[in-house]
Amino acid sequence: MPVLLLAVAVSVISAWGFWVFNKGVILGHERPNTAAWNLWILLTLVNVSSYFTMNRDWYMSALLITDTFLAWVTWVISLKRGCFQWPPRRDYLPIGLTIVAVAIWKVTSATDANVFTQVPMIISFMPYWMQAWRGEAEAKPWVIWTVSFTLDLPLIHLRHIQTGMGDWHDYIYPVLAIILHGGVAVIAWYQPDTYEQKQED
């Protein structure tokens, strides 16, 4: 029961973060960084599919499945708001690395592919770190997402105890996600005046 509640909780909290973010997009307060979201719709598919394949656990994968679905929803909303742009040349590297991750999956294993996918995932967050540094990102959704990934860690631990299966690879993406989302949150948190001024202009 605690595992089920945690799985539901992390998914609901993450969905709340997407609601806050997308509400800002719809109202015109937030402009999604298409350089990042164009990458994430590709990365999340490879990430969640390889993650689930390596652990075969719906509970541990619940948050990633939720995030993947809502990332696509966000991307569609961005299209409707006229925010779509073709990926700049700097995005060719993480796109290429994501394709390499798929090749690794075919040649070796889903675990190796999932671990490798974290490399382009790190690169994909750089545009948002820079956007937050310029004071163009709201901290709130990123704080919420950081909380959801933090709560995912005890969920993974409990599933390991329950099933007697799983290993440290299951923690790699959630821990990295805490750092990546938390990084945007911290930078945006210390630029609140700039963000608020931009909303007033």
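Everything below is about the structure printed above this text.
Every chain is numbered independently, its residues counted from 1 as its sequence is written. Per-residue local features of the predicted model are confined to residues with pLDDT of at least 70, and side-chain atom pairs are confined, for both listing and counting, to 80 or more; whole-chain, interface and lining totals are unaffected and use all residues. The side-chain numbers reported here are obtained from all heavy atoms of the structure, hydrogens and water having been left aside.

Our next topic: the overall build of the protein. The helix count covers DSSP runs of H or I at least four residues long, the strand count covers runs of E at least two residues long, and both are numbered beginning at the N terminus. Counting its secondary structure elements, the protein contains 8 helices and 0 strands. For every residue, the accessible area (1.4 Å probe, protein chains only) is compared with the maximum for its type, and the residue is labelled buried under 20%, exposed over 50%, or partly exposed between those bounds. By residue count, 49% of the 201 residues in the protein fall in the buried class. Look at the contacts in the protein between residues 6 or more apart in sequence, and 81% of them connect residues 24 or more apart. For accessible areas, the Shrake-Rupley method is used with a probe of radius 1.4 Å. Any residue's cover is judged against the shown protein chains and nothing else. Of the accessible surface of the protein, which amounts to about 10100 Å², a share of 69% is contributed by carbon and sulfur atoms. Residue contacts are counted whenever heavy atoms from the two residues lie within 4.5 Å of one another.

Counting 43 residues, the largest nonpolar core has Trp-37, Trp-40, Met-121, Phe-125, Tyr-128 and Trp-142 as its most contacted members. Listing elements by their share of this core, those giving two or more residues are α1 (2-27), α2 (34-55), α3 (58-80), α5 (110-133), α6 (139-163) and α7 (169-189). In this description, a nonpolar core means a group of buried Ala, Val, Leu, Ile, Met, Phe, Trp, Tyr and Cys residues linked to one another through side-chain atoms lying within 4.5 Å.

On to the environment of Leu-4, then. On the secondary structure map, Leu-4 appears in helix α1. Residue Leu-4 is classed as partly exposed on the basis of its relative accessible area, which comes to 41%. Sequence separation between Leu-4 and Tyr-59 is 55 residues; the distance between their C-alpha atoms is 7.1 Å.

We now examine the pattern of salt bridges. The term salt bridge refers to a pairing of a side-chain nitrogen on Lys or Arg with a carboxyl oxygen on Asp or Glu at a separation within 4 Å. In this structure the tally under the stated criterion is 2 salt bridges. The shortest N-O distance in the salt bridge between Asp-57 and Arg-159 comes to 2.8 Å. A residue pair is termed long-range when its members are at least 10 positions apart, and Asp-57 in the loop between α2 and α3 and Arg-159 in helix α6 qualify at 102 residues. An identical accessibility class is assigned to Asp-57 and Arg-159; each is buried. Residues Glu-136 and Arg-134 are paired through a salt bridge, measuring 3.3 Å at the closest nitrogen-oxygen approach. Using a relative accessible area of 28% as the deciding quantity, one classes Glu-136 as partly exposed.

For the rest of this paragraph, the subject is a nonpolar patch on the surface. A cluster of nonpolar side chains, Val-143, Val-147, Val-186, Trp-189 and Tyr-190, forms an exposed patch at the surface whose accessible area comes to about 530 Å². Looking at the nonpolar patch, the elements that each hand over two or more residues are α6 and α7. Here Trp-189 is to be found in helix α7. The patches reported here contain residues having more than 30% relative accessible area and no salt bridge. Joining distances are 9 Å for like charges and 5 Å for nonpolar side chains (Val, Leu, Ile, Met, Phe, Trp, Tyr).

With that settled, consider the packing of aromatic side chains. Only Phe, Tyr and Trp rings are paired, with Trp represented by its six-membered ring, and only when their centres lie within 6.5 Å; those with planes under 30 degrees apart are stacked, over 60 edge-to-face, the remainder tilted. Throughout the structure, instances matching the rule amount to 12 aromatic pairs. With 6.2 Å between their ring centres and 75° between their planes, Phe-125 and Trp-142 make a pair best called edge-to-face. Of this pair, Phe-125 sits in helix α5 while Trp-142 sits in helix α6, placing them 17 residues apart in sequence. Residue class for Phe-125 comes out buried when judged on its relative accessible area of 3%. Take Trp-142: its relative accessible area is 1%, and that puts it in the buried class.

Time to look at the packing of helix α4 (residues 92-107) against α5. Where α4 meets α5, the closest approach of the two axes is 8 Å, and the angle between their N-to-C directions is 175°. Between α4 and α5, the angle falls in the class roughly antiparallel. Only Ala-110, Asp-112, Ala-113, Phe-116, Thr-117, Val-119, Pro-120 and Ile-123 of α5 make contact with α4, whose side of the interface consists of Leu-93, Pro-94, Leu-97, Thr-98, Val-100, Ala-101, Ile-104 and Trp-105. All amino acids are sorted into three groups, where Ala, Val, Leu, Ile, Met, Phe, Trp, Tyr, Cys and Pro are nonpolar, Asp, Glu, Lys and Arg are charged, and the leftover types, Gly among them, are polar. Considered class by class, the residues forming the contact of α4 with α5 number 13 nonpolar, 2 polar and 1 charged. The axes used here are C-alpha line fits, helices contributing only the stretch in contact, and every angle between their N-to-C directions lies in the interval 0 to 180 degrees. Any angle from 65 to 115 degrees is called roughly perpendicular, while one under 35 is roughly parallel, one over 145 is roughly antiparallel, and all others are oblique.

Turn by turn, an α-helix covers 3.6 residues, leaving residues three or four places apart pointing in a common direction. One less than the residue count of a helix, multiplied by 1.5 Å, gives the span that helix is expected to have. A rise of 1.5 Å per residue sets the reference length of α5, with its 24 residues, at 34 Å; its end C-alpha atoms lie 35 Å apart and thus fit the reference within 8%. Here the bend at a residue means the angle between the axes of two seven-residue stretches, the one that ends at it and the one that starts at it. A maximum bend of about 25° is found in α5 at Met-126, where proline Pro-127 lies one to four positions downstream. One or two residues past the end of α5 sits Gly-135, with phi positive at roughly 75°.

Trans peptide bonds make up the majority, and among non-glycine residues the majority have a negative phi. At Arg-56, a residue that is not glycine, the phi angle is positive and equals roughly 50°. Along the chain, the position of Arg-56 falls in the loop between α2 and α3. The exposure class assigned to Arg-56 is exposed, which follows from its relative accessible area of 60%.

Attention now goes to the packing of α1 against α3. Across the interface, α1 lies against α3 with an axial gap of 9 Å and an inter-helix angle of 15°. As the angle between them shows, α1 and α3 are arranged roughly parallel. Taken as a pair, α1 and α3 cross one another with a handedness that is right-handed. Of the residues in α3, those touching α1 at Val-3, Leu-4, Ala-7, Val-10, Ser-11, Ser-14, Ala-15, Phe-18, Phe-21, Asn-22, Val-25 and Ile-26 are Tyr-59, Ala-62, Leu-63, Thr-66, Asp-67, Leu-70, Ala-71, Thr-74 and Ile-77. A clockwise turn of the near helix away from the far one marks a right-handed crossing, whereas an anticlockwise turn of less than a right angle marks a left-handed crossing.

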